[in-house]
Amino acid sequence: MGAQLWVLAAPWAMLLLLLQLAGASHVVHRSLEAEAAPASVPASIVSPLLRTGYHFQPPMNWINDPNGPLYYKGWYHLFYQYNPKGAVWGNIVWAHSVSRDLINWIALEPAIKPDIPSDQYGCWSGSTTMLADGTPAILYTGIDRPNINYQVQNIAFPKNKSDPLLREWVKPGYNPIASPEPGMNATQFRDPTTAWYADGHWRMLVGGLKGDRRGVAYLYRSRDFKTWVRAKHPLHSALTGMWECPDFFPVQVSGQNGLDTSESGTKYVLKNSLDLTRYDYYTVGTYDNTTERYVPGNPDGDYHRLRYDYGNFYASKTFFDPVKRRRILLGWANESDSVTYDKAKGWAGIHAIPRKIWLDPSGKQLVQWPVEELEKLRGKPVSVSHKVVAPGEHFEVTGLGTYQADVEVSFEVSGLEKAEELDPAYAQDAEKLCGVKGADVRGGVGPFGLWVLASAGLEEKTAVFFRVFKGGSGQHVVLMCTDPTKSSLSPGLYKPTFAGFVDTDISSGKISLRSLVDRSVVESFGAGGKTCILSRVYPSIAIGKGAHLYVFNNGEAEIKVSQLTAWEMKKPLMNGA
Ligand SMILES: *[C@@H]1O[C@H](CO)[C@@H](O)[C@H](O)[C@H]1NC(C)=O
Ligand SMILES: *[C@@H]1O[C@H](CO)[C@@H](O)[C@H](O)[C@H]1NC(C)=O
Ligand SMILES: *[C@@H]1O[C@H](CO)[C@@H](O)[C@H](O)[C@H]1NC(C)=O
Ligand SMILES: *[C@H]1O[C@@H](CO)[C@H](O)[C@@H](O)[C@@H]1NC(C)=O
């Protein structure tokens, strides 16, 4: 209730409410409690207490990729892959939501639905581009024949450019604007990027697969945004399997500001979603606009090393926000329960909290941080400072509802000499390392961190933690890990440990962690956003008021919490849910 009052305090929220009352929302309200679950589905799974509160989602049904985010005449627009008919993938349309702040969302009618020959069997992912005269254009993948996912690229424009909500889109008769050519795999040709302009030409990428292993970013050029011609060679390719949802953009070498996709940068980022692993990998490199080639800075790490998120995060897309001159990353997180559970719940899929991204001063990787607007949802803070956690000890953070919270903590470790030796067998594989050195395996320096969504008796807990190792040549190696293996007593859940290394200098002993806890999601940012891990968990007793928050230290070295601040999070407007 408090949250509702809060959002209404904002003048624009009144407008949003009016829009919703006026029927702008296509969504059907229904009570999730009213659903009777099949006997095989644990009652907690269908409980509204496990439905995320402040992460993006429609009121019901299946969602996947974020599509075509953009800012237009005062509104942020987000389109997304959506099944209007159920909680499993299928019948995909471009659903459409708008927001003033990237946090409170209003659902509109779907923007793109199958209704022309070149998209009649599906309207799949794509992007928006702002043309020179201020017209936004959508490029997206259409499926044009039944029973075989033959993929072509289409274009759509707003019907009424004066409508800030961009409710209606028209598809010109010259669609499709790109079709598979001989030698290209027609079922592996999708997800056009935002186009960029240079030297009289627009350019855009389409993801593809050559042979059975080479992921490809096909490059297309156009003078008029209507006739597109494929360049002889792709912008880039690598032996990784199919590249879905490519994303290509310039970054500033210093500071946190972003660049418009058409501005030239000294450095560029090319991200691809690897269909084989179902994770998003990126490289930082250079782009030569005369040879039209992208060269990753670290060829060894070409699409194996850096991930936006080392957890459950896929098919992401960025856009440039001209209001705050920042680049924002949106990504999809699927469920980690079963299809039977999803059907019983009536919903599946959420989006991660929008993250501002920028290049780390090292130039080697990106840094990510939840958009500052999220902080408007914070309630009264609870703080702990200068608290020592002895080896094997833990303490509880009380005074707030921790099932829907934002937790920021700065740790100080001493006794780095107690760090365990890093087994070289795991030196390149954080995930395996976390698999053998989970939160309950006693260590030297760490594991230390948070137990979130934990039950009072600790039968259930999701651990988000760091663990420090001695690497070669006297360097320390920091592992960040989310361990959900004890997250739930419910059967039938997917509970992998997720982990990434953190490229930070731990010699000062300082490292920070932020965790966004939201009922069935834990989204964490290590060392100020250098390593991020999103995990979906479904506790059975650590739900609602039964959820507790602890700081733990399961290492031999003492840990100090220099500062911890936790906020209970309010519920924003979420598409009428
Ligand atoms: C276009 O949108 C504007 C702003 O919402 C509205 O005033 C106008 O009536 C619309 N025009 C048409 C033809 O629908
Ligand atoms: C296209 O790629 C798919 C997936 O790897 C493969 O099964 C199929 O045989 C390929 N088709 C052609 C014509 O190469
Ligand atoms: C091409 O790249 C160069 C070097 O980065 C840059 O100075 C130039 O502005 C770019 N040209 C265009 C048209 O963007
Ligand atoms: C999300 O669900 C898990 C468990 O079913 C799968 O293993 C992942 O591949 C899937 N992720 C994506 C991006 O589809």
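Criteria and thresholds
- Residues numbered from 1 in each chain as written.
- Chains lettered and ligands numbered in written order.
- Predicted model: local features only at pLDDT ≥ 70, side-chain atom pairs only at ≥ 80, totals over all residues.
- Heavy atoms only, no water.
- Disulfide = S-S within 2.5 Å.
- Helix = DSSP H or I, 4+ residues; strand = E, 2+ residues; numbered from the N terminus.
- Buried < 20%, exposed > 50% of the residue type's maximum accessible area, 1.4 Å probe, protein only.
- Near = heavy atom within 4 Å.
- Polar contact = N/O pair within 3.5 Å; in protein donor to acceptor, adjacent residues only side chain to side chain.
- Areas by Shrake-Rupley, 256 points an atom, 1.4 Å probe, with all protein chains shown as cover.
- Nonpolar A, V, L, I, M, F, W, Y, C, P; charged D, E, K, R; others polar.
- 1 Å grid on protein atoms, 1.4 Å probe; cavity = no way out; pocket = protein on both sides within 12 Å on 5 of 7 lines; lining within 4 Å.
- Points joined across faces, edges and corners; volume = space filled by probe spheres on them.
- Domains from an automatic or database assignment.
- Pairing = 2+ DSSP bridges.
- Axes fitted to C-alpha atoms, helices over the stretch in contact; angles between N-to-C directions.

### Focus: the state of the cysteines
Applying the stated criterion to the full structure yields 1 disulfide. Here C434 connects covalently by a disulfide to C481, the sulfurs 1.6 Å from one another. Here C481 lies in strand β31 (residues 476-483) and C434 lies in helix α4 (residues 430-436), a separation of 47 residues in the sequence. Taking relative accessible area as the criterion, C434 reaches 0% and is therefore assigned buried. Residue C123 stays outside any disulfide, its sulfur separated by 15 Å from that of C245, the closest cysteine. The buried category is assigned to C123, whose relative accessible area is 0%. Looking at the unpaired C532, the closest cysteine sulfur is the one in C481, lying at 15 Å.

### Remarks on the site of ligand 2
Around ligand 2, the neighbouring residues are N185, T187, Q188 and L209. Between ligand 2 and N185, the relevant distance is 2.3 Å, taken from an oxygen atom to a side-chain nitrogen or oxygen of the residue. Look at ligand 2: alone it shows 360 Å² of surface, and the protein chains cover 32% of it. In terms of residue class, the shell around ligand 2 is made up of 1 nonpolar, 3 polar and no charged.

### Some points on the site of ligand 1
Around ligand 1, the neighbouring residues are N160, S162 and D163. The fraction of the free accessible surface of ligand 1 (360 Å²) that becomes covered by protein chains is 28%.

### Here we look at the layout of surface pockets
Quantified by volume, the largest pocket comes out at close to 1100 Å³. When residues of the lining of the largest pocket are traced back to their parent elements, those giving at least two are β17 (279-288), α4, β31, β32 (498-502) and β35 (531-536). Top contributing element to the lining of the largest pocket by residue count: β32, with 4 residues. Looking at the lining of the largest pocket residue by residue, the classes come out as 16 nonpolar, 14 polar and 8 charged. Residue contributions to the lining of the largest pocket reach at least three from each of two domains, namely domain 1 (12-22 + 41-370) and domain 2 (378-569).

### A closer look at the sheet that holds strand β15 (residues 243-251)
Strand order in this open sheet of 4 strands is β15-β16-β17-β18, and the pairing throughout is antiparallel. Edge positions in the sheet fall to β15 and β18 (293-296), since each of these pairs with one other strand and no more. Averaged over all neighbouring strand pairs, the angle between strand axes comes to 35°, with direction disregarded.

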